[in-house]
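Secondary and tertiary structure notes
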Number of protein chains: 2
Amino acid sequence: MSAGKLHLNAFLMGVGHHEAAWRHPRTNPNALDDVAHFQHLARVAERGRFDSVFLADGVQVWGDVRHSTANRFEPITLLTALAQVTDHIGLIATASTGFSEPYNLARLFASLDHISGGRAGWNIVTTAGDRSAQNFNREVNTEHARRYQRADEFLDVVTALWDSWEDDALVVDAESGVFADESKVHEINHRGEFFAVRGPLNAVRSPQGHPLLVQAGSSEDGKNFAATWAEAVFTAQQTHEEATTFYADLKRRVRAHGRPADSVKVLPGLVPILGSTEAEARRLATELDDLIIPTRAVRQLTELIGVDLTHHPLDQPLPALPPVSHINGAKSRFELVRDLAEREKLTLRQLLGRLGGGRGHQVLAGTPEQIADHIEHWFTTGAADGFNIMAPLLPSGLEEFVDHVVPLLRARDLFRSDYTGHTLREHYGLPRPTSRYTPAATSQRT
Amino acid sequence: MSAGKLHLNAFLMGVGHHEAAWRHPRTNPNALDDVAHFQHLARVAERGRFDSVFLADGVQVWGDVRHSTANRFEPITLLTALAQVTDHIGLIATASTGFSEPYNLARLFASLDHISGGRAGWNIVTTAGDRSAQNFNREVNTEHARRYQRADEFLDVVTALWDSWEDDALVVDAESGVFADESKVHEINHRGEFFAVRGPLNAVRSPQGHPLLVQAGSSEDGKNFAATWAEAVFTAQQTHEEATTFYADLKRRVRAHGRPADSVKVLPGLVPILGSTEAEARRLATELDDLIIPTRAVRQLTELIGVDLTHHPLDQPLPALPPVSHINGAKSRFELVRDLAEREKLTLRQLLGRLGGGRGHQVLAGTPEQIADHIEHWFTTGAADGFNIMAPLLPSGLEEFVDHVVPLLRARDLFRSDYTGHTLREHYGLPRPTSRYTPAATSQRT
């Protein structure tokens, strides 16, 4: 349970989160090539007073090229374009600590934060999979725990770079010719196991100080990383019981790291398949599942959990899976899929249908009232601080959510009627960090 | 001499190219923080029918923090914002082969090209200086020749990635569920000395195929790199004689690489200090030079040429300089500064005044007619295919150039009255490359 209102993020994925969305008559797959499509989505989410929009990303071609939609846009650049047509909504981009340099990434996010007037967020991923590593001079990817060690040091460096210009470093006195007070611009002189970075960053401090830090890893390493760094957590939870357990566990870890429990917002994914009746919603879900191409879905599942299922018969139960300790990919997603298949005794084909809508995120077909009931239930019972809304079809699914679900949430006093702040941090009710280089006494006085 | 019209690039640098621009009453240093300022500059250049705008960049804080203007924006993101308010003008960003991964940079430029509808260009720099290296895990920078070897292989990888999706790879047949023809999506399987990259890129081929390749190195290595890869070359030339020598030499190298001479456009930098009379222009030049802060300028010169002059007396001639073979920074800029100081027997203070306007680029104070005469002379006598216009004050200097010089160039039939194409390549009269993976027979047939 959260003290304030709930938070909503719109996860923008092409023409919809359902893997067959692009084949459905309610979408236009040519929109994938169209910045205006994504700008429309951002405007719709802003009309709904969402906290933020979010773009996923990776550093390889993902899935089955023949049957999967293909990328055009990189998230930080696309969000820069969305910033030009919106005024309030937060802009969260995925980027990898595994295959970037901290100086470059600190700069890109600082720039997005400057350009958007304080609306940038970074969804931090470590990047699993050998295919990704093979685009960056390596045969195999780094082992799971080591990826998080690198991520941890990466964040040390990036946040120090963001702090390297104090807020009041600029003087800008044309008369004397003093542009900056050099005593407030700091080398960071980081020397660690993975990185040596002198600094300062070649960008003054951005409106939020630090762009919002978001994270989605739900493994042991992932949760500890989140407890250390994250301010919002995207997570896939299939049942209320699992969600409350995850929520309580994460908040406990956050407190154990000396941070207030509400300094991290937990946002489970939700794929709302909306209809004016439950039957209509179920018909849409069935239409979409019928468009799934099994070979593509098996390949995607193989990549998702890191276990090769491409030769497994579709109508048999899953084979015995290796212990999670042998998985070097997304460990928590592996466990979620394994538990779902075991709990419901699903064949491979049935499992594909369950995953096709949201790749492990909860899919809920129903009326706006039913979706609002679910959100209220989870929000008021310690399962969520908000939701990562993953519309199955875009833009229609997001438009319907904004027009029909958001008003119900407002009527129940669960969600804001208008923005009260301007920055992404303000929407999530999170403080603006003080630069680590600003003396504590000074920052208390000002 | 160029067969067609001349080309104009607007080099956008904060509130002006003169190092003291921000102190002059005609600028507003707060505009440095304002995306709208840069959007205005891009619109002015587009109103003038310039081929492109350009943003320089580095990966360190450059110059004297106390007296230099500071960055907010990273070029690729800022140009994405400029793309939203313009329709035709090309958008050229500087990025480093020394401190980026080819997969990441290929993606960012492909994304800018998609977002802008084919207007992206990349100014390729190798990045000199130990200060930069120290932000990327190293104590000293790589040696000059080796930087160019890495750049060469970097370009092999990036252009292969841009080709990895053939133009007609997308099928997008909702009925059959076939999104792409996987036989037209290629792993690049690059294995070289510096990089191993499997591919394909996680972005379909962009409107220009390859974003325009721009380069500014004028050393031996730099000119050979340009002859291999560049399609436009920014260069600093102080005299007509040097400019024609450089121009002929570069075109010869281009032909020696089996490319037509006009496949590379040579654009010397020009800082036009405009006045309605020559005396008025000279007054402005003097006003600006009087605002130079010597300690700042000495430090900038030290970084520019890679020789420490911070303890040299201002009113003495330059000390004996080391041979260029000992310089590991920008070799050609070193030679330009050395030759200028020797030719005109300048003291350090006098040299700072000569460099303050354009850091080695030609500064010309005069009336619009005089500026137009200079451009016509160089363009029609084999010194330039166009110019990189570096307004001393922004926006005023660019507005004056567009309003008073461009009309003269049009009246003399030297410059376009309107755009005839939509992409940056079309503005520069350069062909769209065919993907290396498209069979020649097929590409001839289609």
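Looking up chain A in an unreviewed UniProt entry gives the name FMN-dependent oxidoreductase (Nitrilotriacetate monooxygenase family), with the organism given as Crossiella cryophila. The UniProt entry for chain A carries this comment under Sequence similarities (unreviewed entry): "Belongs to the NtaA/SnaA/DszA monooxygenase family."

Some details on helix H6 (residues 220-229) of chain A
Residues of H6 of chain A that are buried: Gly222, Lys223, Phe225, Ala226, Ala227 and Trp229 of chain A. Of the surrounding secondary structure, the elements contacted by the buried residues of H6 of chain A are strand S4 (120-125), helix H5 (144-163), strand S9 (212-215), strand S10 (232-235) and helix H7 (240-256) of chain A.

Comments concerning the interface of chain B and chain A
Opposite the 72 residues of chain B that make contact, chain A presents 72 residues. The junction of chain B with chain A conceals about 6,100 Å² of combined surface from both sides, 55% of it contributed by carbon and sulfur atoms. The largest per-residue losses of area from chain B upon contact with chain A belong to Arg66, Arg72 and Phe179 of chain B, which jointly make up 11% of the total buried on that side. The partner of Asp57 of chain B in a salt bridge is Arg107 of chain A, and the shortest N-O contact between them spans 2.8 Å. Inspection of the chain B/chain A interface yields 37 residue pairs in polar contact (both at pLDDT 80 or more). Ranked by residues supplied to the side of chain B that touches chain A, first place goes to helix H3 (residues 102-116) of chain B with seven residues.

Let's talk about the UniProt feature "binding site: FMN" (unreviewed entry) in chain A
Residue and element names in this part refer to chain A. Mapped onto the present numbering, the UniProt feature "binding site: FMN" (unreviewed entry) falls at Asp57, Thr94, His144, Tyr148, Ser218 and Ser219. Looking at the element boundaries, Thr94 is found in strand S3 (residues 90-96). When its relative accessible area of 3% is taken as the criterion, Thr94 is described as buried. Apart from the residues within four sequence positions on either side, Thr94 is in contact with Phe54, Leu55, Ala56, Asp57, Pro75, Asn123 and Val125. Separated by 2.9 Å, the side chain of Thr94 and the backbone oxygen of Leu55 make a polar contact. Secondary-structure assignment places Tyr148 in helix H5. Among the residues examined, Tyr148 registers a relative accessible area of 11% and is labelled buried. The residues contacting Tyr148, other than those within four sequence positions of it, are Thr126, Gln215, Gly217, Ser219, Asp221, Gly222 and Phe225.

Some details on the relation of the copies chain B and chain A
Least-squares fitting of chain B to chain A yields an RMSD of 0.0 Å, with the transformation described by 0.0 Å of translation along the axis and a rotation of 180°. Look at the turn and shift together and you get a two-fold axis relating the two.

Things to note about the packing of aromatic side chains
Inspection of every chain in the model, using the stated rule, returns 28 aromatic pairs over all chains. Each residue in the set Phe109, Trp122, Phe154, Trp162, Phe194 and Phe195 of chain A is aromatic and connected to the rest through ring pairs, giving one cluster.

A closer look at the UniProt feature "domain: Luciferase-like" (unreviewed entry) in chain A
Sequence positions flagged by UniProt for "domain: Luciferase-like" (unreviewed entry) are, in local numbering, residues 27-383 of chain A. As a span, residues 27-383 of chain A carries 41% helix and 14% strand, and end to end its C-alpha atoms are 32 Å apart.

Section: helix H3 (residues 102-115) of chain A
Residues and elements named next belong to chain A. Along its 14 residues, H3 runs 20 Å from first to last C-alpha, staying within 8% of the 20 Å computed at 1.5 Å per residue. Within H3, 13 of the 14 residues are buried, which leaves it mostly tucked inside the rest of the structure. Phi turns positive one or two residues past the end of H3, at Gly117, with a value near 70°.

Quick look at the side chain of His18 of chain A
All names here are of chain A. Structurally, the position occupied by His18 is in the loop between strand S1 (7-11) and helix H1 (35-47). Note on His18: relative accessible area 3%, which makes it buried. For His18, the side chain forms a polar contact with the main-chain nitrogen of Ala20, separated by 3.0 Å. Aside from chain neighbours lying at most four places away, what touches His18 is Leu288, Asp289, Ile292, Gly356, Gly357 and Pro392.

Looking at the side chain of His190 of chain B
Residue and element names in this part refer to chain B. Secondary-structure assignment places His190 in strand S7 (residues 190-191). Overall, His190 belongs to the buried group, its relative accessible area being 16%. A distance of 3.5 Å separates a polar atom in the side chain of His190 from the backbone nitrogen of Gly192. If near-sequence neighbours (up to four positions away) are discounted, His190 is found in contact with Glu153, Asp156, Val157, Phe195, Ala196 and Val197.

Description of the pattern of salt bridges
All names here are of chain A. All chains considered together, the criterion is met by 64 salt bridges over all chains. Residue Glu376 pairs with Arg412 through a salt bridge whose shortest N-O separation is 2.8 Å. Here Arg412 lies in the loop between helix H13 (396-411) and helix H14 (424-427) and Glu376 lies in helix H12 (residues 368-380), a separation of 36 residues in the sequence. We classify Glu376 as partly exposed; its relative accessible area is 26%.

Considerations on the pairing of strand S10 (residues 232-235) of chain B
Residue and element names in this part refer to chain B. Side chains of S10 alternate between two faces, with Ala232 and Phe234 and Val233 and Thr235 buried alike. Taken together, the two bridges between strand S9 (residues 212-215) and S10 define a ladder with parallel strand orientation. Looking across to S10, one finds that Val214 is bridged to Ala232. In terms of handedness, the path from S9 via helix H6 (residues 220-229) over to S10 forms a crossover that is right-handed. Pairing between S10 and strand S11 (residues 265-274): four bridges, direction parallel. Bridge pairing in S11 places Val233 opposite Val266. The handedness of the S10 to S11 crossover, carried by helix H7 (residues 240-256), is right-handed.

Section: the environment of Leu55 of chain A
Residue and element names in this part refer to chain A. With respect to the helices, strands and loops of the structure, Leu55 is situated in strand S2 (residues 52-55). By relative accessible area, Leu55 is classed as buried at 6%. In sequence terms Leu55 and Val65 are ten residues apart; their C-alpha atoms lie 20 Å from each other. Not counting residues up to four positions away in its chain, the partners in contact with Leu55 are Leu12, Pro75, Leu78, Leu79, Ile92, Ala93 and Thr94.

Scoring rules and cut-offs
- All residue numbers here refer to positions counted from 1 along the written sequence of the relevant chain.
- All chains are assigned letters beginning with A, and all ligands numbers beginning with 1, in the order in which they are written.
- pLDDT decides what is reported in this predicted model: residues at 70 or higher carry local features, side-chain atom pairs at 80 or more are listed and counted, and totals for whole chains, interfaces and linings draw on all residues regardless.
- Note: side-chain values were computed over all heavy atoms of the structure, leaving out hydrogens and water.
- UniProt positions are given in the numbering used here, feature names are shortened, and annotations may be inferred rather than shown by experiment.
- The cut-offs for exposure are 20% and 50% of the maximum accessible area for each residue type, with area from a 1.4 Å probe on protein chains only; residues under the lower value are buried, those over the upper are exposed, and the others partly exposed.
- Helix numbering and strand numbering both begin at the N terminus, where a helix is a DSSP run of H or I of at least 4 residues and a strand a DSSP run of E of at least 2.
- Throughout, a residue-residue contact means that at least one pair of heavy atoms, one from each residue, lies within 4.5 Å.
- Defined in terms of a 1.4 Å probe, buried area is the accessible area two parts forfeit on being brought together, summed over both.
- Any carboxyl oxygen of Asp or Glu within 4 Å of a side-chain nitrogen of Lys or Arg constitutes a salt bridge here.
- Throughout this description, a polar contact denotes any pair of N or O atoms lying within 3.5 Å of each other; where both atoms belong to protein, one of them has to be capable of donating a hydrogen while the other can accept it, and for residues adjacent in sequence the pair is counted only when both atoms sit in side chains.
- When the copies are superposed, the least-squares fit draws on C-alpha atoms of residues that have pLDDT of at least 70 in both.
- Stacked, tilted and edge-to-face are the three classes applied to pairs of Phe, Tyr and Trp rings, where Trp contributes its six-membered ring and a pair requires centres within 6.5 Å; stacked means planes under 30 degrees apart, edge-to-face means over 60, and tilted covers the rest.
- Expected helix span is taken as 1.5 Å per residue step, with the number of steps being one fewer than the number of residues.
- Strands are labelled as partners when DSSP assigns at least two bridges between them.
- Orienting the strands away from the viewer, one traces the path from the first strand over the helix to the second; a clockwise path indicates a right-handed crossover.

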